[in-house]
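Each chain, written out:
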Amino acid sequence: MMTLPDSPDSLFDRRGFLRKSVLATMAGLLGTDIVFAGRLPKTYLPLVFDGNPMLAKHKDMVVLNDKPWNVEALPHLLDDAVTPADKMFIRNNGLMPEKIDLSTWSLTINGESVKAPKTYKLSDLKKRFKPYIYQLVLECAGNGRAGYVPQTAGNQWTDGAVSCAEWTGVRLKDVLADVGLKDDAVYIGYYGRDLHVSQDPTKPVISRGVPMRKALEDETLIAWAMNGQDIPLAHGFPLRLVIGGWPASASGKWLHTISVRNKVHDGAKMTGKSYRVPINPVEPGVDPPEDQFRIIESMPVKSLITFPKTGAMLNQGQPLALRGHAWAGDRSVKEMYVSYDFGATWQRCDLKSAKNRLAWQHWSANVKLPQKGYYEIWARAVDETGVSQPMVMPQWNPEGYINNACHRIAVKVV
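No experiment lies behind these values; they were computed from the predicted model shown.

Cut-offs applied
Residues numbered from 1 in each chain as written. Predicted model: local features only at pLDDT ≥ 70, side-chain atom pairs only at ≥ 80, totals over all residues. Heavy atoms only, no water. Salt bridge = Lys/Arg side-chain N within 4 Å of Asp/Glu carboxyl O. Helix = DSSP H or I, 4+ residues; strand = E, 2+ residues; numbered from the N terminus. Buried < 20%, exposed > 50% of the residue type's maximum accessible area, 1.4 Å probe, protein only. Disulfide = S-S within 2.5 Å. Pairing = 2+ DSSP bridges. Axes fitted to C-alpha atoms, helices over the stretch in contact; angles between N-to-C directions. Contact = heavy atoms within 4.5 Å.

Some thoughts on the pattern of salt bridges
(1) Moving on: For the structure shown, the criterion picks out 20 salt bridges.
(2) Moving on: A salt bridge links D60 to K59; its shortest N-O distance comes to 3.3 Å.
(3) Moving on: Here R128 makes a salt bridge to D178, at a shortest N to O gap of 3.1 Å. Pair noted here: R128 is in helix 2 (residues 122-128) and D178 is in helix 3 (residues 172-179), with a separation of 50 residues, a long-range link.
(4) Moving on: A relative accessible area of 25% places D178 in the partly exposed class.
(5) Moving on: Here the residues in one salt-bridge network are K214, E217, E219, D330 and R357, joined through shared partners.

A few points about the state of the cysteines
(1) Moving on: Taken as a whole and assessed by the stated rule, the structure comprises zero disulfides.
(2) Moving on: For the unlinked cysteine C140, the closest cysteine sulfur is that of C164, found at 16 Å.
(3) Moving on: Owing to a relative accessible area of 5%, C140 belongs among the buried residues under this scheme.
(4) Moving on: Cysteine C406 remains unbridged, with the sulfur of C349 as its closest cysteine sulfur at 11 Å.

Notes on the sheet that holds strand 13 (residues 255-261)
(1) Moving on: A sheet is described by the order of its strands in space; here five strands give the open sequence 5-4-13-8-9, paired in mixed fashion. Single-partner strands in this sheet number two, and they are strand 5 (118-121) and strand 9 (209-211). In this sheet, neighbouring strand axes are inclined to one another by 15 degrees on average, regardless of whether the strands run parallel or antiparallel.
(2) Moving on: One ladder, built from three bridges, connects strand 4 (residues 106-110) with strand 13; its direction is parallel. Residue pairing in the sheet places T108 in a bridge with T257 of strand 13.
(3) Moving on: The strands touched by helix 3 within the sheet are strand 4, strand 5, strand 8 (187-192) and strand 13, with strand 5 carrying the most contacts at an inclination of about 135 degrees.

This is a description of form; function is not addressed.
This is how it looks when you write it as structure tokens:
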């Protein structure tokens, strides 16, 4: 059973009931209140804290893998403007840490290109640096992998490995300024407390990073809260690096160290073909050598229909109200369109501005379908540079990354 962020002896009061402070922490981890918490039996911890994050997730979330946990949302579950914890996808590479003690948790900034390495307690970060709040899109680089033909290896994500939650923390650039950077700093790499699925503590799980230009952006956060509460355990409690617009693998969970490098970071899953795509187009099924791949940086333009869900039935003459989200990595979305005739014609949608840079943008449209029958609604976003989503599968790649083909739903007019 998972140890809560207190020492075991301090979880319960002298009568054997959970302390109020522990209950508050538990509610923070869950992202919601524990109804009837006052009626918990003595020395009892709720089932949700047995290490199974699905107990805190919406019942319709789809489990792709449980060792490690990989869970996605169905598109209609992502209809909220800000993604709630129970509908946020999980992409873990290892096992979640079993013991977390807030009183001893710390973040160390070190590396070849740091002038004065320092270690900060969580309380230090909250007291010494100005906090910021941003809505940030996190998307698994493999989101959409199931759409590639021929099929590639890896978790077969459909469309739901994306989220846009509200994160609270301090800017990484402010902490890096406190330690001081040498002129040769080119990259940062993170290290977390997750455990290899073999449970061998000597085996690395994942340690990725980003170039300094991305690390020093205003929106790159060292975060301790998500949607106004403690980050849920499955999403990195108590501290997470959050880097919007790039593959979510760059946003390290259970963060304890950031290393400033004088070279491209070479941690686990930074080398080989992990989170990389071919430099040049390749024929489907072809797997080029490693030196023909590049690291994925900004994610491509993409959109999602979140209402209605696929399979909707309409009466003839009834207008179809559509809505969803669009995003474009480091860029903004300029235009949004939908089609009901397999891309022959496109109707412009009402597209809202993002809450802040690197947040997704909400769109809506009303469509009149001309007669009874089966239809597919296709959604297509265009970014600020004029780059559009492809209608069907984009350039194939052997790892199944960054599929940004148009999202589609089926509807029927009766």
